[in-house]
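# Understanding the architecture of this molecule
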Amino acid sequence: LLDSHGPTFFWLTFWQPIKMVEGNQARMGVFRQRLGQGCRRICALNIMNQTILIVEDEESDVLLMRLAMKKAGVGNPIQVAANGKEALDYFQGTGKFSRRADFPLPSLVLLDLKLPDVTGLDVLKWMRERLHFKPMIVIMLSSSKEPRDVQAAYRWGANAYVAKPPSVEKRLVLAQAIKDFWLGQNIPGNDSE
Amino acid sequence: VNPESIEPLQPQRLFLLVDDSPDDLVLLKRAFATVAAESTLVALESGQEAIDYLKAATQPGERRPLPIPSAILTDLKMPGIDGFDLLRWIRSLPALRNVFVSVMTGSNIEKDIIRAYELGANCFLTKQANPAEQIRQVRHLVAFIKARMSSEDLPFTSP
């Protein structure tokens, strides 16, 4: 984290509390509170910099989701796997994803349910059967509202199942909810490398 | 099925809060009352009470005495049946597989975070001491709960 952000990161994080003490000779309690906020900001930034992996075979859906994420202010690096097979390659660091430095393990996966050959459910099963991928946050996205699909996704340990947003506005609502809740509040079970 | 809707089909949502600290419960209840006034809250002070409630709610038959919650927020460290035990018990019941379970704790010990996810927690939250921060947290949680689907939300399985 420090390597990639260097002095700017520290300046942003600690500038406020230090100013509080120097400029104001603030009471120690206030200082501690500020410092606490600074520490929380480190955690938040830490999560904000983690990779999101979109597994989606429809190129247009990827594009629209990227746009919505950008509009919602999601600054995380976004990687894409175009089908289930590619998602497994990504996780294992094989094929075109062999350089882990370029394709870090994600802390949030947006997984399409309906994919050719290796389906979203197959990918989810693969992940949940492996210790390292068990705590990874997986949000299933699908246009299917079949109770059977929803049930299966939850049974295999999806963190959430969301209907694919049908309009620009609803896509933005979802991107905002992902940003606020999953990237802002939730503590992921794995740190991306 | 109207494909236009990702809005909740049930306007009335029930949240089950489980925490052995009455103070934390009061703060949580206040946050929920602020951001989700239309929903129903059930606040319980132990894991055993939560299991008793959920047993009654998942009884087979047409007339269930108690509704199944949309989401459960549980503390981890509780005397007797703790959050981990409760989580394991919830996930052993197919009827509760869709229920969103959020673990809330004061300390983010990595081991606990991973264990909670492995036992089937949907998310992991840090307890917020600052009321404004807590209201924000609950607001974001409720907003996502509304965007997600569970098979109970689907019209053709609703009673």
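Rules and cut-offs
Throughout this description, residue numbers start from 1 for each chain and increase along the sequence as written. Chain letters and ligand numbers both follow the written order, the letters beginning at A and the numbers at 1. Restriction of local features to residues with pLDDT of at least 70 applies here, the model being predicted, together with a cutoff of 80 or more for giving and counting side-chain atom pairs; totals for whole chains, interfaces and linings are based on all residues. Hydrogens and water molecules were not included; the side-chain quantities draw on all heavy atoms of the structure. How sure the predictor is of each residue is captured by pLDDT, a score from 0 to 100. Residue contacts are counted whenever heavy atoms from the two residues lie within 4.5 Å of one another. A pair of aromatic rings is counted whenever rings of Phe, Tyr or Trp (Trp by its six-membered ring) have centres within 6.5 Å, and the orientation is called stacked for planes under 30 degrees apart, edge-to-face for over 60 and tilted otherwise. Helix and strand definitions here come from DSSP, where helices need a minimum of 4 consecutive H or I residues and strands a minimum of 2 consecutive E residues; each element is numbered from the N-terminal end. Only protein chains enter the area calculation, which uses a 1.4 Å probe; residues under 20% of their type maximum are buried, those over 50% are exposed, and those in between are partly exposed. In our convention, an over-ring charge means Lys NZ or Arg CZ found within 6 Å of a ring centre and within 35 degrees of that ring's normal. Put simply, buried area is how much 1.4 Å-probe accessible surface two parts lose in total, over both of them, once they are put together. For this analysis, a polar contact is any N or O atom pair within 3.5 Å, provided that within protein one partner can donate a hydrogen and the other can accept it, and provided that sequence-adjacent residues contribute only side-chain to side-chain pairs. Following the grouping adopted for this structure description, the nonpolar residues are Ala, Val, Leu, Ile, Met, Phe, Trp, Tyr, Cys and Pro, the charged ones are Asp, Glu, Lys and Arg, and the polar ones are all others, Gly among them. Only buried Ala, Val, Leu, Ile, Met, Phe, Trp, Tyr and Cys residues count toward a nonpolar core, and they belong to the same one when joined by side-chain atoms within 4.5 Å.

So, about the confidence of the model for chain A. Taken residue by residue, chain A gives an average pLDDT of 81. The fraction at 70 or more is 74%. The low-confidence segment residues 5-46 of chain A (pLDDT under 50) makes 28 contacts with residues lying over four places distant or belonging to another chain.

On to the packing of aromatic side chains. Here the distance between the centres and the angle between the planes together describe a pair of aromatic rings. With the rule as written, the count across this model stands at 13 aromatic pairs over all chains. Relative to A:Phe103, the ring of A:Tyr90 lies with its centre 5.9 Å away and its plane at 75 degrees, an arrangement referred to as edge-to-face. Note that A:Tyr90 is positioned in helix H4 (residues 84-92) and A:Phe103 in the loop between H4 and strand E3 (108-112), a separation of 13 residues in sequence. Here A:Tyr90 and A:Phe103 have matching classes, each one buried. Through pairs of rings, three or more aromatic residues link up here, namely A:Phe181, A:Trp182, B:Phe100 and B:Phe144. One Lys or Arg, B:Arg115, reaches over the ring of B:Phe84 and ends 4.1 Å from the middle of that ring.

Another point: the interface of chain A and chain B. Of the residues lining the interface, 34 residues belong to chain A; the matching set on chain B comes to 36 residues. Across the chain A/chain B interface, buried area totals approximately 3100 Å², and carbon plus sulfur atoms make up 61% of it. The tally of links from chain A across to chain B stands at 10 residue pairs in polar contact (both at pLDDT 80 or more). Per-element tally for the side of chain A that touches chain B: the top contributor is helix H7 (residues 168-185) of chain A, with seven residues. A breakdown of the residues in the side of chain A that touches chain B according to their chemical character gives 19 nonpolar, seven polar and eight charged.

Our focus in this paragraph is the environment of A:Phe103. In the structure, A:Phe103 is positioned 12 residues away from A:Phe91 in sequence and 9.1 Å away in space, judged by C-alpha atoms. Not counting residues up to four positions away in its chain, the partners in contact with A:Phe103 are A:Gln79, A:Tyr90, A:Lys96 and A:Phe97.

This part takes up the nonpolar core. Of all hydrophobic cores here, the largest spans 72 residues; its most connected members are A:Ile139, A:Ile178, A:Trp182, B:Phe32 and B:Phe144. Element by element, the count of residues in this core is highest for H7(A), at seven residues. In contact with A:Ile178, other than residues within four places in its own chain, are A:Met65, A:Met69, A:Leu108, A:Leu110, A:Ile139 and A:Leu183. Core analysis: the next-biggest nonpolar cluster, separate from the first, contains 31 residues, A:Leu105, A:Leu111, A:Leu113 and A:Met136 among them.

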